[in-house]
Amino acid sequence: MATVTFDNATRQYPGNPVPSVDKLNIEIADGEFLVLVGPSGCGKSTSLRMLAGLEEVNGGRILIGDRDVTNLSPKDRDVAMVFQNYALYPHMTVADNMGFALKIAGVDKGEIRKRVEEAAKILDLTPYLDRKPKALSGGQRQRVAMGRAIVRSPQVFLMDEPLSNLDAKLRVQTRTQIASLQRRLGVTTVYVTHDQVEAMTMGDRVAVLKDGILQQCDSPRRMYDHPANVFVAGFIGSPAMNLMDVPVTEGGVDLHGHTVPIAREDLAGVGNHVTLGVRPEDLDLSSDASGIPVTVDVVEELGADAYIYGTADAKLLEATGENAGAVPFIARVDGRRPPEKGEKIYLKPKTGHVHVFNADSGLRVGD
Ligand SMILES: Nc1ncnc2c1ncn2[C@@H]1O[C@H](COP(=O)(O)OP(=O)(O)OP(=O)(O)O)[C@@H](O)[C@H]1O
Ligand SMILES: [Mg+2]
């Protein structure tokens, strides 16, 4: 087992004007489960493939333990990768599929059998070892793909969207299995997904990428409570955080008669607007006509809670930028007494649960 270090790792594909991964710095602890997440094209697979040795590194270094592997070939890096399209060999049995890499590496038959049987036990595949892949369910095939990586007992597991071939329900089950399996084996793992829920539920830490640039790398809790910038704030969390550019007044932000205080020192240098962020669950219905004015468009009742999908009258808040007019707004309220469709309500952020960002740079202001 080993640590993994991306040290200013950069990849610019020939002919592309900008790097697809730009000066990536992440230090992954021994045994850690790190998830790389971000929208399509942000550089997740490229980062993983650089670590695997499948993509040239144009700047910076990659270390596994204290070995600089930047210029080593994939087979000398002691990593095992599970791909999105984990094509199994259709004509081989499950056991042969799992042991194939060992066979190529010249490991003797008895040893291969032993390792395959161990992995099969861990993955609940023992009854299927003599079957062909076509006689397995999607989830079982996915576990065979995991098995191929496990039998090699590598220092690092690399997984690129390994669950994307599974249906939604199986994906949820399998992600729990992978996370607990990883904890049991204690193998340092880098896992790529574009699904922020998957990232948040599986990772010890989550690294958010955008346009090849690392935005934040933190524990899921920290990421949710302290997004480093507007992009992370909007990307992590479902339904997404409400974000609006509002004018700064004396001591904070005025939301139609309701003041959200912002520390004076935090306001230094932010200009006359800030981007205010509030998560849907951090809003209370106001008993007077102060707060964020919202017209209710849809009420989604979920039993204990209800989600209000509405339109905020941003003009009334003197909002600027993209959110200057009527903006979509989401709030979670008590399911027993939800407002009705068409109703005009006022919402106040819960004290201490607002996120303030610099309206120009998008960076978080204050704690
Ligand atoms: N072989 C290549 N040659 C040129 N550009 C490439 C190559 N592979 C990837 N890119 C570009 O690099 C950027 C990052 O690609 P990458 O595959 O790492 O994204 P990703 O985050 O894995 O996206 P997805 O979620 O869609 O898999 C994209 O803009 C892509 O077009
Ligand atoms: Mg990808």
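Here, residues in each chain are numbered from 1, in the same order as that chain's written sequence. Throughout, the order in which chains and ligands are written sets their labels, letters from A for the former and numbers from 1 for the latter. Totals for whole chains, interfaces and linings use every residue, but because this is a predicted model, local features are given only for residues with pLDDT of at least 70 and side-chain atom pairs only at 80 or more, for both listing and counting. Side-chain metrics in this entry use all non-hydrogen atoms of the structure; hydrogen atoms and water are not considered.

Q: Just checking my understanding: could you explain the sheet that holds strand S9 (residues 205-210) for this structure?
A: Adjacent strands of a sheet pair through backbone hydrogen bonds, lying either parallel or antiparallel. Two strands pair under a simple rule: DSSP has to find at least two bridges between them. Working definition: helices are DSSP H or I runs of at least four residues, strands are E runs of at least two. Numbering for both runs from the N terminus. Strands sit in the order S6-S7-S8-S3-S9-S10 across an open sheet of 6 strands; the sheet is mixed. Bordering the open sheet on either side are strand S6 (79-82) and strand S10 (213-218), each of which pairs with just one other strand. The sheet shows a mean angle of 15° between the axes of neighbouring strands, taken without regard to direction. Where S6 lies against strand S7 (residues 156-160), 4 bridges are found, and the strand directions are parallel. Across the sheet, the residue bridging to Val82 is Met159, located in S7. The sheet strands contacting helix H1 (residues 44-52) are strand S3 (33-37), S6, S7, strand S8 (188-193) and S9, and the helix crosses S7 at an angle near 150°. Contacts: residue pairs with any heavy atoms within 4.5 Å of one another. An axis is simply a line fitted to the C-alpha atoms; with a helix, the fit covers only the stretch in contact. Between two such axes, the angle follows the N-to-C directions and lies from 0 to 180 degrees. Seen against the sheet, helix H5 (residues 168-185) touches S3, S7 and S8 and runs at an angle of roughly 140° to S3.

Q: Teacher, can you tell me more about the nonpolar core here?
A: What tends to happen in soluble globular proteins is that the nonpolar side chains get buried as a cluster. Nonpolar core, defined: a set of buried Ala, Val, Leu, Ile, Met, Phe, Trp, Tyr and Cys residues in which side-chain atoms within 4.5 Å join the residues together. Type-normalised accessible area, obtained with a 1.4 Å probe on protein chains alone, sets the label of each residue: buried when under 20%, exposed when over 50%, and partly exposed for intermediate values. Of all hydrophobic cores here, the largest spans 43 residues; its most connected members are Met98 and Val208. A total of 5 residues in this core trace back to one element, the largest contributor, which is helix H4 (residues 138-150). Those residues in contact with Met98, other than ones at most four positions away along the chain, are Val116, Ala119, Ala120, Leu125, Leu129, Val144, Gly147, Arg148 and Val151.

Q: Is there a simple way to explain the pairing of strand S17 (residues 305-313) in this structure?
A: Of the strand pairs in this sheet, strand S16 (residues 292-301) and S17 are connected by 7 bridges, and their pairing is antiparallel. Counterpart to Thr295 in the pairing with S17 is Thr311. Between S16 and S17, which follow one another and run antiparallel, lie 3 residues, and Gly303 among them has a positive phi close to 90°. Summarising the sheet, S17 and strand S18 (residues 326-334) pair through 9 bridges and their orientation is antiparallel. Along S18, the bridge assignment pairs Asp313 with Ala326.

Q: Teacher, can you tell me more about the UniProt feature "domain: ABC transporter" (unreviewed entry) in the protein here?
A: UniProt positions are given in the numbering used here, feature names are shortened, and annotations may be inferred rather than shown by experiment. Here, the residues flagged by UniProt with the feature "domain: ABC transporter" (unreviewed entry) are residues 4-236. Between the end C-alpha atoms of residues 4-236 the distance is 24 Å, and the span holds 36% helix and 24% strand.

Q: What is the right way to read the side chain of Thr5 from this model?
A: Summarising the element assignment, Thr5 is placed in strand S1 (residues 4-11). For Thr5, a relative accessible area of 17% puts it in the buried group. Beyond its immediate chain neighbours, meaning those up to four positions away, Thr5 contacts Ile26, Glu27, Arg61, Ile62 and Leu63.

Q: Help me understand the site of ligand 1, please; the structure alone is not making it clear to me.
A: One heavy atom within 4 Å of a molecule or strand makes the whole residue count as near it. Taken together, Tyr13, Asn16, Ser20, Pro39, Ser40, Gly41, Cys42, Gly43, Lys44, Ser45, Thr46 and Glu161 make up the full set of residues adjacent to ligand 1. One nitrogen or oxygen atom from the side chain of Lys44 is found 2.8 Å from an oxygen atom belonging to ligand 1. Ser45 is positioned such that a nitrogen or oxygen atom in its side chain is 2.8 Å from an oxygen atom of ligand 1. What sets the accessible areas is the Shrake-Rupley method with a 1.4 Å probe; for residues, cover comes only from the shown protein chains. Protein chains bury 58% of the 640 Å² of accessible surface belonging to ligand 1 in isolation. Taken together, the residues that form the shell around ligand 1 break down as 3 nonpolar, 7 polar and 2 charged. Any pair of N or O atoms that falls within 3.5 Å is considered a polar contact. Within protein, one atom must be able to donate a hydrogen and the other to accept it, and sequence-neighbouring residues count only if both atoms are side-chain atoms. In this count, Pro and Cys sit with the nonpolar residues alongside Ala, Val, Leu, Ile, Met, Phe, Trp and Tyr, while Asp, Glu, Lys and Arg are called charged and the others, Gly among them, polar.

Q: Would you mind going over the packing of helix H2 (residues 94-104) against helix H3 (residues 109-122) with me for this structure?
A: In helix packing, the relevant descriptors are the interaxial angle and the interaxial distance, both defined with respect to the helix axes. Between H2 and H3, whose axes approach to 9 Å, the crossing angle comes to 130°. In terms of orientation, H2 and H3 fall into the oblique class. The chirality of how H2 crosses H3 is right-handed. Taking contact as the criterion, the partners of Ala95, Met98, Gly99, Leu102 and Lys103 in H2 are, on H3, Ile112, Arg113, Arg115, Val116, Ala119 and Ala120. Tallied by class, residues from the contact of H2 with H3 come to 7 nonpolar, 1 polar and 3 charged. These descriptions rest on fixed angle ranges, namely under 35 degrees for roughly parallel, over 145 for roughly antiparallel, 65 to 115 for roughly perpendicular, and the rest for oblique. Left-handed describes a crossing whose near helix is turned anticlockwise from the far helix by less than a right angle; the clockwise case is right-handed.

Q: Explain the sheet that holds strand S13 (residues 258-261) here, please?
A: Spatial ordering of the open sheet is given by S13-S12-S11-S14-S20, a layout of 5 strands whose pairing is antiparallel. Edge positions in the sheet fall to S13 and strand S20 (354-358), since each of these pairs with one other strand and no more. For this sheet the average axis-to-axis angle between neighbouring strands, irrespective of direction, equals 40°. Pairing of strand S11 (residues 242-249) with strand S12 (residues 252-255) involves 2 bridges; the strand directions are antiparallel. Opposite Thr249, over in S12, you have Gly252 as the bridge partner.

Q: What am I meant to see in the packing of aromatic side chains here?
A: Here a ring pair, both rings aromatic, is described through the centre-centre distance and the interplanar angle of the planes. Aromatic contacts are taken between Phe, Tyr and Trp rings whose centres are within 6.5 Å, Trp giving its six-membered ring; a plane angle under 30 degrees counts as stacked, one over 60 as edge-to-face, and the others as tilted. Across all of its chains, the model carries 4 aromatic pairs by this definition. An angle of 40° between the planes, with centres 5.6 Å apart, marks the rings of Phe33 and Tyr191 as tilted. Linking Phe33 in strand S3 with Tyr191 in strand S8, this pair joins segments that are 158 residues apart in sequence. Each of the two residues, Phe33 as well as Tyr191, counts as buried. Here Arg279 stacks its cationic end above the ring of Tyr224, 3.7 Å away from the centre of that ring. Look at NZ for Lys and CZ for Arg. If either is within 6 Å of the ring centre and within 35 degrees of the ring normal, a charge sits over the ring.

Q: So what exactly am I meant to see when it comes to the state of the cysteines here?
A: Put plainly, two cysteines are in a disulfide when a covalent bond ties their sulfur atoms together. To count as a disulfide, a pair of cysteine sulfur atoms needs to be within 2.5 Å. A complete count under the given rule lists 0 disulfides for this structure. Note on Cys42: no disulfide assigned, nearest cysteine sulfur contributed by Cys217 at a separation of 13 Å.

Q: Just checking my understanding: could you explain the domain arrangement of the protein for this structure?
A: Interfaces are often described in size by the accessible area the parts lose on coming together. Segmentation into domains, and thus their bounds, comes from an automatic or database assignment. Taken domain by domain, the protein comprises domain 1 (4-230) and domain 2 (240-358). Of note, the centres of domain 1 and domain 2, computed from C-alpha atoms alone, are 39 Å apart. Listed per partner, the contact involves 7 residues of domain 1 and 7 residues of domain 2. Accessible surface is computed with a 1.4 Å probe, and the buried area is the amount of it that two parts give up when combined, taken over both parts together. Of the roughly 510 Å² buried between domain 1 and domain 2, counting both surfaces, carbon and sulfur atoms make up 62%. Looking only at domain 1, the three residues that lose the most surface to domain 2 are Tyr224, Pro227 and Val230, adding up to 85% of its buried area. Viewed at the interface, domain 2 and domain 1 are joined by 2 residue pairs in polar contact (both at pLDDT 80 or more). Examining the composition of the side of domain 1 that touches domain 2, we find that 3 residues originate from one element, helix H7 (residues 220-225), more than from any other. Its residues assigned to classes, the side of domain 1 that touches domain 2 shows 5 nonpolar, 1 polar and 1 charged.

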